[in-house]
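Results of the structural survey
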Amino acid sequence: MATEVADSTNDIIEEEEWSEAGPLGWQHPKTRVSVNPDDGSHFPESDTTALLPSPTSLSGKPHLTLYQIVCLNAFWFGYQLYWFLVSIVILPSHIAAIAGNSNKGSALSLVTLISGILNLFFAVIFGALNDRFNSRFGKRHPWIIVGSVGMCCSLLLLWPTDALWVYVIAYACLTAATIVASVPFNGLVADITPAEQKARVSAIMGGANLSGYLFGAIIGIFADTLGNVKLYMLMITIVSVSTAITVRLGPHEPEKHYLIQTHPPIEWKPFLVALVSPLWEFRDFMLVFVSRFLFQLGIATIQQFMQFWISDCVSSPFPPTRAVSLGLIPLLTLSPLSALLLPSTHRKRIVYTSTVFMVITVVLLNTVHTFPLALLASAIFGVAYGPFISVEFAMLMDVLPSDGDVAKDMSLWHSALVLPQIVAMPVAGIVRDWGEKEGEELGVQCLGYKVVFAMCVVYFLAGAAVTKAIRGVK
């Protein structure tokens, strides 16, 4: 640990020098004290060229090359592929097998509710603790690796033959592992991104997100053919390789993250208050949080119930797991293309335009019953989804309250992605099951889905209204 002793005549600073890469690919420090040859005084000297990939930017952070940004987001690609297959392909099919067709909506809601509660509290607390963590291997990288290993191991706990309560526990373990990996990664992105590169990093991060979803959909087409074991092994391989690329080939963490530091004990009451205080201390951050929450209420509901909707309401020649993957390919193909056509500035206009296309998609979902028209709805949603997720992270970067607590603040923002699991998913699951039963008595096909999707229109319009009120975003 670097120590500093100062008096009126002499400053002695022990600075850390970076040695050869360690066994996991990180550099670790050793102490060096240097002497000024002119006056005999001590001054810090450190060889940090290995940490500086290119000249320092105007914001004081090293400028990131395109290669570094792509390697940085390799983990995000694997993470999103993993989550697509788990949440869109694996989870709905397993729940249908465990709970049966009449109760699958409520059972899905129970699984996502428990997972969401865990995610909400654990993500925020873990983010704050990660900001206080330091080691000679860095602050973020070690936990990205630990979380990725947990993601791979917990995947092996998910089986469609388990009792529902066993499946709930297994899915909660998987959720905890994804938090341990993703929260430090988001903190890392904020740590190393210069202000003038926020738009570029956000766009590439959005591209990694969509690419992960697209390749997840392609793999999902063959999920039934592969079976659980082969599918899980493929997912484990992809997560492992993408994590290794980010940690070994991506940009290093800031130099201070490798310094061993001693933090005072946590005073839990002020600590817990500080976790959520940005929501009332920083108006724009609160509005970005609420905007994301509202949009994710609709997006998560549509994504989570897509396989059930195709199975129950759409005439398709394919089994549900293959149909949902095929149905989402137009969305995932058009999303990055539409994102490229829109400007990186005027973020609010992008949100408004995306809202219009999202509402059009929901109207189609409530009226179509053939697979080709379902593909059309998917394509229209893709035109909205790509620009939206590309600008969403940039909006967060615009309004982050503090450079010193980025993982805590970003994990708080991340909870806006999780809260829909606690609020919208249980409501949507109950409404779906109730509506389907009422629809059978009234002779209205897919009444439950119609009500659920109509709720999404309200979510999207409310999200756009909140976005308009954000002052720090143009």
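To keep things clear, this report deals only with the structure shown in the data block.

Once that is clear, we can look at the overall build of the protein. A tally of helices and strands in the protein yields 15 helices and six strands. Going through the 474 residues of the protein one by one, you find that 54% of them count as buried. Pairs at least 24 apart in sequence give 80% of the contacts found in the protein among residues at least 6 apart. Carbon and sulfur atoms provide 67% of the accessible area of the protein, an area that totals close to 19700 Å².

Turning our eyes to something else, we now look at empty space enclosed by the protein. A full pass over the atoms with the stated rule returns five cavities of 30 Å³ or more. Computed from the structure, the largest cavity encloses a volume of approximately 720 Å³. Those elements that provide at least two residues to the lining of the largest cavity are helix 2 (74-99), helix 3 (104-131), helix 5 (164-192), helix 6 (198-221), helix 10 (283-313), helix 13 (371-399) and helix 14 (406-442). Broken down by class, the residue content of the lining of the largest cavity amounts to 16 nonpolar, 16 polar and two charged. Taken as a whole, the second largest cavity encloses approximately 150 Å³ of empty space.

This paragraph deals with the state of the cysteines. Under the counting rule described, the total for this entry stands at one disulfide. Between the sulfur atoms of cysteine 313 and its disulfide mate cysteine 446 the distance is 2.0 Å. The chirality of the disulfide connecting cysteine 313 with cysteine 446 is left-handed, given an S-S dihedral of about -125°. In this pair, cysteine 313 is assigned in helix 10 and cysteine 446 in the loop between helix 14 and helix 15 (447-468), connecting sequence segments 133 residues apart. The same class applies to cysteine 313 and to cysteine 446, which are both buried. Its sulfur unpaired, cysteine 152 is 6.7 Å from the next cysteine sulfur, which belongs to cysteine 153.

In this section: a nonpolar patch on the surface. The grouping of Leu129, Trp268 and Leu272 at the surface amounts to a nonpolar patch, some 290 Å² of accessible area in total. If you trace the backbone, leucine 129 turns up in helix 3.

Quick look at the packing of aromatic side chains now. Applying the stated criterion across every chain yields a total of 17 aromatic pairs. A centroid spacing of 5.3 Å and a plane angle of 15° characterise the contact between tryptophan 76 and phenylalanine 185, whose relative ring orientation is stacked. Separated by 109 residues along the polypeptide, tryptophan 76 in helix 2 and phenylalanine 185 in helix 5 bring together distant segments of the chain. A relative accessible area of 10% places tryptophan 76 in the buried class. Seen from their ring centres, phenylalanine 381 and tyrosine 385 are 5.9 Å apart, and the 20° between their planes marks the pair as stacked. Separated by four residues within a single helix, phenylalanine 381 and tyrosine 385 lie in helix 13, roughly one turn from each other. Of the two residues, phenylalanine 381 and tyrosine 385, both sit in the buried class. Members of the aromatic cluster, each reached through a chain of ring pairs, are Phe75, Trp76, Tyr79 and Phe185.

Taking 1.5 Å per residue, 19 residues should reach 27 Å; helix 12 (residues 347-365) reaches 27 Å between its end C-alpha atoms and fits that length. Residues Arg347, Lys348, Ile350, Val351, Ser354, Thr355, Met358, Val359, Thr361, Val362, Leu364 and Leu365 constitute the buried set of helix 12. Buried-residue contacts for helix 12 involve helix 10, helix 13 and helix 15.

With that settled, the discussion passes to the packing of helix 2 against helix 11 (residues 320-341). With their axes 10 Å apart at the nearest point, helix 2 and helix 11 run at an angle of 150° to one another. As summarised for this structure, helix 2 and helix 11 are arranged roughly antiparallel, according to the angle between their axes. The two elements helix 2 and helix 11 cross, and the hand of that crossing is right-handed. Only Thr321, Val324, Ser325, Leu328 and Leu332 of helix 11 make contact with helix 2, whose side of the interface consists of Phe84, Ile88, Val89 and Ser93. Per-class residue counts for the contact of helix 2 with helix 11 are six nonpolar, three polar and no charged.

A few words now on the pattern of salt bridges. Taken as a whole, this structure holds five salt bridges when the rule is applied. Of the charged contacts, one joins aspartate 284 and arginine 283 as a salt bridge, the two residues approaching to 3.4 Å between their closest N and O atoms. On the accessibility criterion, aspartate 284 (17% relative accessible area) is buried. By relative accessible area, arginine 283 is classed as partly exposed at 34%. Where arginine 432 meets aspartate 312, a salt bridge forms, and the shortest distance between an N and an O atom there is 2.8 Å. With a gap of 120 residues between them, arginine 432 in helix 14 and aspartate 312 in helix 10 connect regions that are remote in the sequence. Of the residues examined, arginine 432 reaches a relative accessible area of 2% and is grouped as buried. Linked by salt bridges that have partners in common, Lys104, Asp312, Arg432 and Asp433 make up one network.

Scoring rules and cut-offs
- Residues numbered from 1 in each chain as written.
- Predicted model: local features only at pLDDT ≥ 70, side-chain atom pairs only at ≥ 80, totals over all residues.
- Heavy atoms only, no water.
- Helix = DSSP H or I, 4+ residues; strand = E, 2+ residues; numbered from the N terminus.
- Buried < 20%, exposed > 50% of the residue type's maximum accessible area, 1.4 Å probe, protein only.
- Contact = heavy atoms within 4.5 Å.
- Areas by Shrake-Rupley, 256 points an atom, 1.4 Å probe, with all protein chains shown as cover.
- 1 Å grid on protein atoms, 1.4 Å probe; cavity = no way out; pocket = protein on both sides within 12 Å on 5 of 7 lines; lining within 4 Å.
- Points joined across faces, edges and corners; volume = space filled by probe spheres on them.
- Nonpolar A, V, L, I, M, F, W, Y, C, P; charged D, E, K, R; others polar.
- Disulfide = S-S within 2.5 Å.
- Patch = residues over 30% accessible without salt bridge, like charges linked within 9 Å, V, L, I, M, F, W, Y side chains within 5 Å.
- Salt bridge = Lys/Arg side-chain N within 4 Å of Asp/Glu carboxyl O.
- Phe/Tyr/Trp six-rings, centres within 6.5 Å; stacked < 30°, edge-to-face > 60°.
- Expected span 1.5 Å × (residues − 1).
- Axes fitted to C-alpha atoms, helices over the stretch in contact; angles between N-to-C directions.
- Parallel < 35°, antiparallel > 145°, perpendicular 65-115°, else oblique.
- Left-handed = near helix turned anticlockwise from the far one by under 90°.

All quantities given are derived from atomic positions and should not be read as evidence of function.
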